[in-house]
Amino acid sequence: MVDYKKLGLVNTKEMFAKAVHGGYAIPAFNFNNMEQLQAIIKAAAETKSPVILQVSKGARNYANGTLLRYMAQGAVEYAKSLGWEHPQIVLHLDHGDTFETCKDCIDNGFSSVMIDGSHLPYEENVALTKKVVDYAHQFDVTVEGELGVLAGVEDEVSSDHHTYTDPAEVIDFVTRTGCDSLAISIGTSHGAYKFTPAQCTRDEKTGLLVPPPLAFDVLEAVEEKLPDFPIVLHGSSSVPQEYVKIIDENGGKLPDAIGIPEEQLRKAAAMDVCKINIDSDSRLAMTAAVRKVLAEKPAEFDPRKYLGPARDEMEKLYKHKIINVLGSDGKAE
Ligand SMILES: O=C(CO)COP(=O)(O)O
Ligand SMILES: O=C[C@H](O)COP(=O)(O)O
Ligand SMILES: [Zn+2]
Ligand SMILES: [Zn+2]
């Protein structure tokens, strides 16, 4: 049993309580490699923002779960070396799909896990989430559950199929499972194609696609049922069009890539949403920077010469999210 507290990591409990009352949200950034991790830690340290490092199943398969875990645990020391005296860093399993995966993470130093039973029939979701909570809470590890199905990659049916969270279910779910936070579905989705052009309107001046608004009425109804309970938004990349443009101008092809406007995320962060998941935007920042360097300097073959600029671009992006969108800067002084 690896005790995350001995590694200097923290769970989400206190930071969520503060974020809910403070009208801001904690960034949850996925990482799969060293450059992403360095950029996240540097951005969080320099803005003094609490931060959640997320590891997905795909990340564990890509980079090796053990290696990622040691990297994240080492990141606490890295943060301190940057002058962040008391880092508030959470190591979180993103979209855990079985009890065994969650247990493996809890046993090995994760301070938080998500059990995503949202695709199961309701009673099975309750039973699985409760099983993970009962195990996790013995070790003071916090647990995120999910109700409702996001559109796109998550629903496995079609790109516009989704099921918004049913506010009538949330009290029962949270009470019976004991989960510490709840991911809900209000119109966000994973990846860089969150809406089809047919679902959008077009801005007459800029010609850019304008996505439909999130279902804030559902979020409000959830908040009414669960006052001050930490709510999580997955699929919250905004797909910055400047990155899409750089990628497309340098040999890439991302037609009609579109995300959640930052205005909407700001509004959600001011409400009871206290964890906002961002992965795709970091991928776009990295890809844009790498494509640009390789296109401009065809003779370059030192990975540090393109991964370095990629890391700088990601750091810039993370800081922007922390300061200008989520409002979590200075909350971990
Ligand atoms: O929800 C996410 C990770 O769980 C990431 O969402 P994005 O694909 O919008 O970045
Ligand atoms: O939930 C989705 C995250 O963006 C992780 O994506 P991934 O499974 O490709 O690592
Ligand atoms: Zn899910
Ligand atoms: Zn997600």
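Since this is a predicted model, take the numbers as computed values, not measurements.

Enquirer: Before we go on, may I ask you to explain the coordination of the zinc ion (ligand 4) in this structure?
Expert: For a metal with four tetrahedral donors the ideal donor-metal-donor angle is 109.5 degrees, whereas six octahedral donors ideally subtend 90 or 180 degrees. Coordination sphere of the zinc ion (ligand 4), protein contribution only: His95 (NE2), His190 (NE2) and His234 (ND1), at 2.0 to 2.1 Å. Written as a sequence motif, the donor residues of the zinc ion (ligand 4) are H-x94-H-x43-H. Remark: His234 occurs in the loop between β9 (231–233) and α9 (241–249) and His190 occurs in the loop between β6 (181–184) and β7 (201–202); sequence separation between them is 44 residues. Judged by relative accessible area, His234 falls into the buried class, the value being 1%.

Enquirer: When you look at the packing of helix α2 (residues 34–47) against helix α12 (residues 303–326) in this model, what are you seeing that I'm missing?
Expert: Across the interface, α2 lies against α12 with an axial gap of 8 Å and an inter-helix angle of 40 degrees. Classified by the angle their axes make, α2 and α12 are oblique. Crossing handedness for the pair α2 and α12: right-handed. The residues of α12 that touch α2, namely those facing Glu35, Gln36, Gln38, Ala39, Ile40, Lys42, Ala43, Ala44, Glu46 and Thr47, are Leu307, Arg311, Met314, Glu315, Tyr318, Lys319, Ile322 and Ile323.

Enquirer: Even after reading the chapter, I still don't get the packing of aromatic side chains, so can you show me in this structure?
Expert: When we look at a pair of aromatic rings, we describe it by the centre distance and by the angle of the planes. All chains considered together, the criterion is met by four aromatic pairs. A centroid spacing of 5.8 Å and a plane angle of 80 degrees characterise the contact between Phe99 and Tyr135, whose relative ring orientation is edge-to-face. You can see Phe99 sitting in helix α5 (residues 99–107) and its partner Tyr135 sitting in helix α6 (residues 122–137), a full 36 residues away along the chain. A relative accessible area of 14% means that Phe99 is categorised as buried. Through pairs of rings, three or more aromatic residues link up here, namely Phe99, Tyr135 and Phe139. Over the face of the ring belonging to Phe99 we find Lys131, whose NZ or CZ atom lies 4.5 Å from the ring centre. Above the plane of the ring of Phe216 lies Lys267, whose end atom (NZ or CZ) is 4.1 Å from the centre.

Enquirer: Is there a simple way to think about the site of ligand 2 in this case?
Expert: If you check the shell around ligand 2, you find Asn30, Ser56, Asp94, His95, His190, Asp279 and Arg283 and nothing else. In the model, an oxygen atom of ligand 2 is placed 3.2 Å from a nitrogen or oxygen of the His95 side chain. The contact in question runs from an oxygen atom of ligand 2 to an N or O atom on the side chain of Asp279, over 2.6 Å. Among the residues forming the shell around ligand 2, the class breakdown is no nonpolar, four polar and three charged.

Enquirer: Is there a simple way to think about the sheet that holds strand β3 (residues 89–96) in this case?
Expert: Whether parallel or antiparallel, the strands of a sheet pair through hydrogen bonds between backbone atoms. Within the closed barrel, the eight strands sit side by side as β1-β2-β3-β4-β5-β6-β9-β10. Their pairing is parallel. If you compare each strand with its neighbour and ignore which way they point, the axes differ by 25 degrees on average. The pairing of strand β1 (residues 26–30) with strand β2 (residues 51–55) spans three bridges and is classified as parallel. Following the sheet pairing, Phe29 is matched in β2 by Leu53. With respect to the sheet, helix α1 (residues 13–22) is in contact with β1, β2, β3, β5 (142–147), β6 and β10 (273–278), its orientation differing from that of β10 by roughly 110 degrees. Helix-sheet contacts for α6 involve β4 (112–115) and β5, and the interaxial angle to β5 is about 175 degrees.

Enquirer: What am I meant to see in unusual backbone geometry here?
Expert: Negative phi characterises most residues that are not glycine, and trans characterises most peptide bonds. Positive phi is not limited to glycine here, since Asn64 has a value of about 85 degrees. Note on Asn64: relative accessible area 41%, which makes it partly exposed. Its identity as a non-glycine residue notwithstanding, Val239 has a phi of 50 degrees, on the positive side. Assignment of secondary structure puts Val239 in the loop between β9 and α9.

Enquirer: Can you walk me through the site of ligand 1 in this structure?
Expert: Around ligand 1, the surrounding shell holds 16 residues, and the nearest of these are Asp94, Lys194, Ser237, Asp279 and Ser280. Between His234 and ligand 1, the recorded distance is 3.1 Å, taken from a side-chain N or O atom to an oxygen atom. One of the backbone nitrogen or oxygen atoms of Ser280 is found 2.7 Å away from an oxygen atom of ligand 1. If ligand 1 stood free it would expose 310 Å²; the protein chains cover 97% of that surface. Elements represented by at least two residues in the shell around ligand 1 include exactly β3 and β10. Of the residues in the shell around ligand 1, the class split is one nonpolar, twelve polar and three charged.

Enquirer: How should the side chain of Ser189 be read in this particular structure?
Expert: With respect to the helices, strands and loops of the structure, Ser189 is situated in the loop between β6 and β7. Take Ser189: its relative accessible area is 2%, and that puts it in the buried class.

Definitions and limits used
Residues numbered from 1 in each chain as written. Chains lettered and ligands numbered in written order. Predicted model: local features only at pLDDT ≥ 70, side-chain atom pairs only at ≥ 80, totals over all residues. Heavy atoms only, no water. Donors = N, O, S within 2.8 Å, 3.2 Å for Na, K, Ca; no water. Helix = DSSP H or I, 4+ residues; strand = E, 2+ residues; numbered from the N terminus. Buried < 20%, exposed > 50% of the residue type's maximum accessible area, 1.4 Å probe, protein only. Axes fitted to C-alpha atoms, helices over the stretch in contact; angles between N-to-C directions. Parallel < 35°, antiparallel > 145°, perpendicular 65-115°, else oblique. Left-handed = near helix turned anticlockwise from the far one by under 90°. Contact = heavy atoms within 4.5 Å. Phe/Tyr/Trp six-rings, centres within 6.5 Å; stacked < 30°, edge-to-face > 60°. Lys NZ or Arg CZ within 6 Å of the ring centre and 35° of its normal. Near = heavy atom within 4 Å. Polar contact = N/O pair within 3.5 Å; in protein donor to acceptor, adjacent residues only side chain to side chain. Nonpolar A, V, L, I, M, F, W, Y, C, P; charged D, E, K, R; others polar. Pairing = 2+ DSSP bridges. Areas by Shrake-Rupley, 256 points an atom, 1.4 Å probe, with all protein chains shown as cover.

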